[in-house]
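Residue-level listing of the chains:
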Amino acid sequence: MTLEEILKDIEIRGTRELSSLSEYYDQKIQELKRNQDLQIRDLEEKYRKRVEEEKRTVERTILSSAEMESLRIIRTRENSLLQEALGKAMVYLRELSNNPAYEDLITKMVYVARKSLGDDCVILAGDKELAMLKNRPGILLRRSNVDPYGGIIAQSSDGSRELDLTLSSLFREIQDRLIAKISEHLGE
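Residues numbered from 1 in each chain as written. Predicted model: local features only at pLDDT ≥ 70, side-chain atom pairs only at ≥ 80, totals over all residues. Heavy atoms only, no water.

### Comments concerning the overall build of the protein
Link 1 in the chain: Check the secondary structure of the protein and you find four helices and four strands.
Link 2 in the chain: Going from the N terminus to the C terminus, the protein shows its helices and strands as α-α-β-α-β-β-β-α.
Link 3 in the chain: The C-alpha radius of gyration of the protein comes to 47 Å, more than 25% above the 16 Å expected for a compact globule of 188 residues.
Link 4 in the chain: Counting only C-alpha atoms, the protein reaches 155 × 35 × 25 Å along its principal axes.
Link 5 in the chain: Residue burial in the protein is summarised as follows: out of 188 residues, 21% are buried.
Link 6 in the chain: Restricting to contacts in the protein with at least 6 residues of sequence separation, those with at least 24 account for 52%.
Link 7 in the chain: By element, 54% of the accessible surface of the protein is carried by carbon and sulfur atoms, the whole surface being about 14,400 Å².
Link 8 in the chain: One finds the centroid of the 31 positive side-chain charges in the protein at a distance of 6 Å from the centroid of its 35 negative side-chain charges. (Helix = DSSP H or I, 4+ residues; strand = E, 2+ residues; numbered from the N terminus. Rg over C-alpha atoms; globule rule 2.2 N^0.38 Å. Buried < 20%, exposed > 50% of the residue type's maximum accessible area, 1.4 Å probe, protein only. Contact = heavy atoms within 4.5 Å. Areas by Shrake-Rupley, 256 points an atom, 1.4 Å probe, with all protein chains shown as cover. Lys, Arg positive; Asp, Glu negative; His and termini not counted. Charge placed at Lys NZ, Arg CZ, Asp CG, Glu CD.)

### Thoughts on the environment of Glu-69
Link 1 in the chain: Mapped onto the secondary structure, Glu-69 falls in helix α1 (residues 3-96).
Link 2 in the chain: Classification of Glu-69 as partly exposed rests on a relative accessible area of 35%.
Link 3 in the chain: Along the sequence, Glu-69 and Leu-82 sit 13 residues apart, while their C-alpha atoms lie 19 Å from each other.
Link 4 in the chain: Within the local environment of Glu-69, its side chain forms a polar contact with the side chain of Arg-72, the two groups lying 2.5 Å apart. (Polar contact = N/O pair within 3.5 Å; in protein donor to acceptor, adjacent residues only side chain to side chain.)

### Points about the side chain of Glu-129
Link 1 in the chain: Tracing the backbone through its elements, the reader meets Glu-129 in helix α3 (residues 127-133).
Link 2 in the chain: Comment: no salt bridge for buried Glu-129; closest opposite-charge side chain is Lys-128, at 6.7 Å.
Link 3 in the chain: Reaching out from Glu-129, the side chain makes a polar contact with the side chain of Tyr-102 at a distance of 2.4 Å.
Link 4 in the chain: What Glu-129 contacts, discounting residues up to four positions off in sequence, is Tyr-102, Ile-106, Gly-150 and Gly-151. (Salt bridge = Lys/Arg side-chain N within 4 Å of Asp/Glu carboxyl O.)

### Examining the pattern of salt bridges
Link 1 in the chain: This structure, assessed with the given rule, holds seven salt bridges.
Link 2 in the chain: A salt bridge links Arg-13 to Asp-9, with the nearest nitrogen and oxygen atoms 3.2 Å apart. Of this pair, Arg-13 and Asp-9 both sit in helix α1, four residues apart, which is roughly one turn of the helix.
Link 3 in the chain: Arg-13 gets classed as partly exposed once you look at its relative accessible area, which sits at 42%.
Link 4 in the chain: Assessed through its relative accessible area of 31%, Asp-9 is described here as partly exposed.
Link 5 in the chain: Note that Glu-69 and Arg-72 form a salt bridge whose closest N and O atoms lie 2.5 Å from each other. Of this pair, Glu-69 and Arg-72 both sit in helix α1, separated by three residues, roughly a single helical turn.

These values are about where atoms sit, not about what they do.
Take a look at the structure:
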């Protein structure tokens, strides 16, 4: 084989190897591109899902905050209405002693006191209540500033027991029930 033939043979072999290597690396590059495309799609999908989850979380947080705020506004309004109703009840309490039925109420209070503490109990009352009770026989009366709104306090004859029937104490006792009823009505 001549030198020229050897060189030509080397050149042909080099061209074939170069072509073979080129083809091999083209396949590798195509494979890397496919892998890269798959990874990009996976990452895009992963971040799309993450964005959706974060979006839902933010929406839930905003909705939760809005619900909490609306509940706070409702509770504030209910409390305002409740305080207004209690204020009206207090006005009614202050005016109760001017009501024509007040004398009947005082009479019933004395009846309850005598039934609970005995007929010999002492009735402590203000001037207005004493004037209403002075013509009733068998009632032991004593003047006392028991309550600015009215009512009586009864004490057993030996002083060991006392029954507070002042309008303020009666209002305090019914206040919880009144709040429950008003709250129930507001909840409808």
